[in-house]
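A look at the structure
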Amino acid sequence: VSAQKLSNALVAMANADGGTIVVGLGEGSVDGTDSDPVHRNVLMQAGVDLVMPPVRATTSLVDCVTTGGRPDHLLVFDVSPSSVVHATVRDEVYLRLGDHTRRLTFVERRELGYDKGQAGYEAEVVPDGGLDRLDDKLLAGYAARVGHADPVRLLTARGLLRQGRLTVGGYLLFARTPQDLIPNAHVRVSRFA
């Protein structure tokens, strides 16, 4: 296997639930890895050299007997699941789904980041989300309920306004017509006793 192809699999497993990769088995035969120790060493470093950030994986050599009957070693990677999104050095993101390694689109990659808690969609700035889009009465009512005299400063303090533009969260909560710029978004409210 090439180091590049191995890095794709390492990324995919780290981005999913982890897993095990065995190098030296193929198409029903046991080939081993002793015939090219330099290449084996390159493979052992693929999770660091070809992945950003590096993948947490342990490597080990397992004794085997090749299909031809000679003693050899399999190279085994135990990949841990990760709390961040990993990409290859070519800036490609993969995810392991069942027994397939799938390259993610930009949107799928962003969703994976949200799922892992790396990024928050609600914290992104709305390009046309200026203060002129605010429902002033709604915002004033919110500011009064939390006891804050300056509604705009309140939005900034709560991370709902950055550089004079509303974030997605601020826009969904306080814009007059949030569906104009974000037609498919929704707000989920949880209430605790």
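Residues numbered from 1 in each chain as written. Predicted model: local features only at pLDDT ≥ 70, side-chain atom pairs only at ≥ 80, totals over all residues. Heavy atoms only, no water.

**Looking at the sheet that holds strand β6 (residues 71–79)**
Ordered by their spatial adjacency, three strands build an open sheet running β1-β6-β5, and the pairing between neighbours is antiparallel. Edge positions in the sheet fall to β1 (19–23) and β5 (57–65), since each of these pairs with one other strand and no more. Strand-to-strand twist of the sheet, defined as the mean angle between neighbouring strand axes without regard to direction, takes the value 25°. In the sheet, β1 pairs with β6 via five bridges, with the strands oriented antiparallel. Each residue of the ladder has a partner; that of Val-23, found in β6, is Leu-75. Contacting β1 and β6, helix α1 (residues 3–15) crosses the sheet at an angle of about 165° to β1. Helix α2 (residues 37–44) rests against β1, β5 and β6 of the sheet, and its axis sits at about 10° to β6. (Pairing = 2+ DSSP bridges. Helix = DSSP H or I, 4+ residues; strand = E, 2+ residues; numbered from the N terminus. Axes fitted to C-alpha atoms, helices over the stretch in contact; angles between N-to-C directions. Contact = heavy atoms within 4.5 Å.)

**Side note on the pairing of β5**
Judged from the nine bridges that link them, β5 and β6 form a sheet pairing that is antiparallel. In the sheet register, Ala-57 faces β6, and the bridge partner there is Val-79. The antiparallel hairpin formed by β5 and β6 contains five residues in its connecting segment, where Gly-69 sits at a positive phi of about 95°.

**Here's the deal with helix α4 (residues 106–115)**
Helical geometry note: an α-helix holds 3.6 residues per turn, so side chains three or four residues apart project in the same direction. Three or more residues of α4 are buried, namely Leu-112, Gly-113 and Tyr-114. Where α4 is buried, its residues contact α1 and β8 (94–97). Trailing α4 by a residue or two, Gly-117 shows a phi angle of about 80°, which is positive. (Buried < 20%, exposed > 50% of the residue type's maximum accessible area, 1.4 Å probe, protein only.)

**Structural notes on the environment of Leu-95**
Relative to the helices and strands, Leu-95 resides in strand β8. Each C-alpha atom, one on Leu-95 and one on Thr-177, is 37 Å from the other, the two residues being 82 residues apart in sequence. If we skip the residues at most four places from it in the chain, Leu-95 touches Ala-12, Asn-15, Ala-16, His-100, Thr-101, Arg-102, Leu-104 and Leu-112.

**As for unusual backbone geometry**
Excluding glycine, residues mostly carry a negative phi; peptide bonds, for their part, are mostly trans. Across the junction of Met-52 and Pro-53, the peptide omega takes the value -25°, indicating a cis bond. Along the polypeptide, Pro-53 turns up in the loop between β4 (51–52) and β5. Of note in the backbone geometry, Glu-27 takes a positive phi value of approximately 50° without being a glycine. With respect to the helices and strands, the residue Glu-27 is situated in the loop between β2 (25–26) and β3 (29–30). Among the residues examined, Glu-27 registers a relative accessible area of 86% and is labelled exposed. In this model, Gln-163 sits at a positive phi of 50°, which is unusual for a non-glycine residue. Considering the arrangement of structural elements, one finds Gln-163 in the loop between β11 (161–162) and β12 (165–167). Given a relative accessible area of 75%, Gln-163 falls into the exposed group.

Everything listed here is a matter of coordinates, which is why it stays silent on function.
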